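Remarks on the overall topology
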Amino acid sequence: LPTMSQLSQEWLTRRLARVGPRDFEEGIHMYCTSNLTPPLQFEHVWTVYEGAGQALTQTAEEISALQTIIIFSSPIDEVQVAALCRLVQKILGHDAPPILWVPHTVAPDSMGETWQVDIADSQRGGIVTHLLKLGLDGMVPGELAGARLALAVRAKIHKLASLSRSRNEAANER
């Protein structure tokens, strides 16, 4: 039987197989809180961050030049959730772009444990609430793959940009 790690790697490969970084948006960087290898076309925008004392590989200037940071992390693995929280806090120590969380477990058809977010569920909904309080800008639920994932991420990016513009305009009118 394949391990959770193997199932997770297989699912990542499938999720990103038919898309490239530009399908998501210009100027993205992806982090992963598990030691997963992305498809070749994502290697130059991919960083594994497993937490515990690990420094960010990007400089403050590189982080502030990005348009969006996308973090792949499993919500059912407490070690990854802790790394996700630490990563969000480390990135926010800089002039950070929007940060989106893409929950990543295993393929829905693999019979492994996956995760559907129910905000009413105090424990799992609590993870999302905690991350939003830390400074996460949003999440892309549903473990989408391929073009659907890229479109969902783009939609979130554009919605965040629109909200940001509205807030800036309101602040400037005062």
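Here we summarise the structure given alongside this text. (Residues numbered from 1 in each chain as written. Predicted model: local features only at pLDDT ≥ 70, side-chain atom pairs only at ≥ 80, totals over all residues. Heavy atoms only, no water.)

Here we take up the overall build of the protein chain. For the protein chain, the helix and strand inventory stands at six helices and five strands. Seen in sequence order, the protein chain has helices and strands lined up from the N terminus as α-α-β-β-α-β-α-β-α-β-α. Taking the intrachain contacts of the protein chain between residues at least 6 apart in sequence as the baseline, contacts between residues at least 24 apart amount to 70%. With an accessible surface of roughly 9400 Å², the protein chain has 52% of that area assigned to carbon and sulfur atoms. (Helix = DSSP H or I, 4+ residues; strand = E, 2+ residues; numbered from the N terminus. Contact = heavy atoms within 4.5 Å. Areas by Shrake-Rupley, 256 points an atom, 1.4 Å probe, with all protein chains shown as cover.)

Strand order across the open sheet formed by five strands is β2-β1-β3-β4-β5, with parallel pairing between neighbours. Strands at the two margins of the open sheet, each flanked by one partner only, are β2 (46-48) and β5 (138-139). Of the strand pairs in this sheet, strand β3 (residues 68-73) and strand β4 (residues 99-103) are connected by five bridges, and their pairing is parallel. When the sheet's bridge partners are listed, I71 is paired in β4 with W101. Sheet contacts for helix α1 (residues 4-16): β2, β3 and β4; angle to β3, the most-contacted strand, approximately 145 degrees. (Pairing = 2+ DSSP bridges. Axes fitted to C-alpha atoms, helices over the stretch in contact; angles between N-to-C directions.)

In this model, E143 sits at a positive phi of 50 degrees, which is unusual for a non-glycine residue. Looking at the element boundaries, E143 is found in the loop between β5 and α6 (146-173).

Moving on: the pattern of salt bridges. Evaluation of the coordinates by the stated rule reveals four salt bridges. With a closest N to O distance of 2.8 Å, E26 and R22 form a salt bridge. Classification of E26 by relative accessible area gives partly exposed; the value is 46%. Here E25 and R154 are joined by a salt bridge, their closest N and O atoms 3.9 Å apart. Taken together, the residues E25 in the loop between α2 (21-24) and β1 (28-32) and R154 in helix α6 connect sequence positions 129 residues apart. The partly exposed category is assigned to R154, whose relative accessible area is 29%. (Salt bridge = Lys/Arg side-chain N within 4 Å of Asp/Glu carboxyl O. Buried < 20%, exposed > 50% of the residue type's maximum accessible area, 1.4 Å probe, protein only.)

Here we come to the packing of aromatic side chains. Summed over all chains, the structure comprises two aromatic pairs. Here the aromatic rings of F24 and F42 are separated by 5.9 Å at their centres, their planes lie at 75 degrees, and the arrangement is edge-to-face. With F24 in helix α2 and F42 in the loop between β1 and β2, the pair connects residues that are 18 residues apart, well separated along the chain. Grouping residues by exposure puts F24 and F42 together as buried. Relative to F72, the ring of W46 has its centre 5.5 Å away and its plane inclined at 40 degrees; by these criteria the two rings are tilted. Remark: F72 occurs in strand β3 and W46 occurs in strand β2; sequence separation between them is 26 residues. We classify W46 as buried; its relative accessible area is 11%. (Phe/Tyr/Trp six-rings, centres within 6.5 Å; stacked < 30°, edge-to-face > 60°.)

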